[in-house]
Amino acid sequence: MNPRIGSALTFSQMMFITLQSLPGFITFDSSSTRIEEGNRKTWLSYLPRLKPRQVPIMRWFSQVLVHTTGSLLNNWAFAFNVPLTVLIVFRSAGLAVSMVLGYFILGRRYSAIQVTSVLVVSSGAVLATLSKTSTASSTANLVDMQRYGMGIVMIVTSLLLTGILGLLQEQTYKEYGPWWKEGVFYTHLLSLPVFLFLARDVKQGLASLNYPGSSVSGPAPGSAFSSWLILSGNLVSQLLCVSGVNKLTSRVSSVSTNLVLTTRKAISLCLSVWWFGSGWNAELAIGACMVFAGSLSFSLASSGTAVSDSEDDRERAPDVHSSKRRKGKSKKE
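Residues numbered from 1 in each chain as written. Predicted model: local features only at pLDDT ≥ 70, side-chain atom pairs only at ≥ 80, totals over all residues. Heavy atoms only, no water.

The chain is annotated in an unreviewed UniProt entry as UAA transporter of Lentinula boryana.

Caption draft 1: Main features of the UniProt feature "transmembrane region" (unreviewed entry) in the chain. UniProt's entry tags residues 84–105, 112–130 and 150–168 with the feature "transmembrane region" (unreviewed entry), counted in the numbering of this structure. What you have in residues 150–168 is 100% helix and 0% strand, and the ends, taken at the C-alpha atoms, are 27 Å apart. (UniProt positions renumbered as here; feature names shortened; annotations may be inferred. Helix = DSSP H or I, 4+ residues; strand = E, 2+ residues; numbered from the N terminus.)

Caption draft 2: The arrangement of helix H1 (residues 6–21) in detail. Under the 1.5 Å per step criterion, the end-to-end length of H1 is 23 Å for 16 residues, consistent within 8% with the ideal 22 Å. Among the residues making up H1, those that are buried are Gly6, Ser7, Ala8, Leu9, Thr10, Ser12, Gln13, Met14, Ile17, Thr18 and Ser21. Elements that come into contact with the buried residues of H1 comprise helix H2 (57–76), helix H7 (180–189), helix H8 (199–208) and helix H9 (224–249). (Expected span 1.5 Å × (residues − 1). Buried < 20%, exposed > 50% of the residue type's maximum accessible area, 1.4 Å probe, protein only. Contact = heavy atoms within 4.5 Å.)

Caption draft 3: Here's a closer look at the pattern of salt bridges. On inspection of all chains with the given rule, the structure shows 1 salt bridge. Put simply, Glu175 and Arg59 hold a salt bridge, and the shortest N to O gap is 2.5 Å. With Glu175 in helix H6 (residues 142–176) and Arg59 in helix H2, the pair connects residues that are 116 residues apart, well separated along the chain. Looking at Glu175, the relative accessible area reads 37%, which means it is partly exposed. Relative accessible area serves as the criterion here: at 26%, Arg59 is assigned to the partly exposed category. (Salt bridge = Lys/Arg side-chain N within 4 Å of Asp/Glu carboxyl O.)

What follows is the structure, encoded as structure tokens:
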């Protein structure tokens, strides 16, 4: 309907998830932060306030920076002639990114099978990317290819940021406990001020929903109602996706999370090709199979190496927290 709706779409997702999560983090209990004049409460004491956090705010700020930038780049890529099928396949290389980041940042080591799997995934992603070039018309000018290249750069950057975000979430939940609901709320709430600088793009994107093109599919093609209905479906599915991913990340390693996401992307790719009826060719098919096969092989090989290391660390983490609680209790006694 509108390839330039990226900013408006990202803002809508952030706002919707923030408002949906807000009731769980608001309290009217002023006992711990009472504002008094003498022995009487002031009217400020009755205002709602946010509940105490379980994780330091700076931990969420770092994730907000990575998450917001990655989300914007991912949605902006549609305005640079990147087909949805190519975007899905390319982003399925998240396992390769997780492995590289795990190697350089966390000092993890990987087997030959895992390295080979990553090479297969990367080759498949490159092949899927080049498939757009092979299907382009001979009259495509240099400007179009430059825009497409810029879109691919955006996807690569977003993919790297997604991998970094996964590591940040994994380390946060390992250190402070599985407070994934708090993570969902604060990463979206703290992202909203960014859109003050994108207000014009957001306004234009939302206004375009009232004047969609004639290619809209749904109960009333081309109508504003169907456009807002599609946006509503996107927001609900995004809420389910974000909540599920954060909950999963709080329980397993980022590599295991990427396995689930890769499976989900495979389903998304099939639905995309079936729904839009275009964008599929031999190069894309081979590239997709390489990405999904390499991801599956990597994850199976990871079950006895990198994943076990992270799971062992996670099993030890509760003992540390429980020991702190026992020490605190003994001091109070």
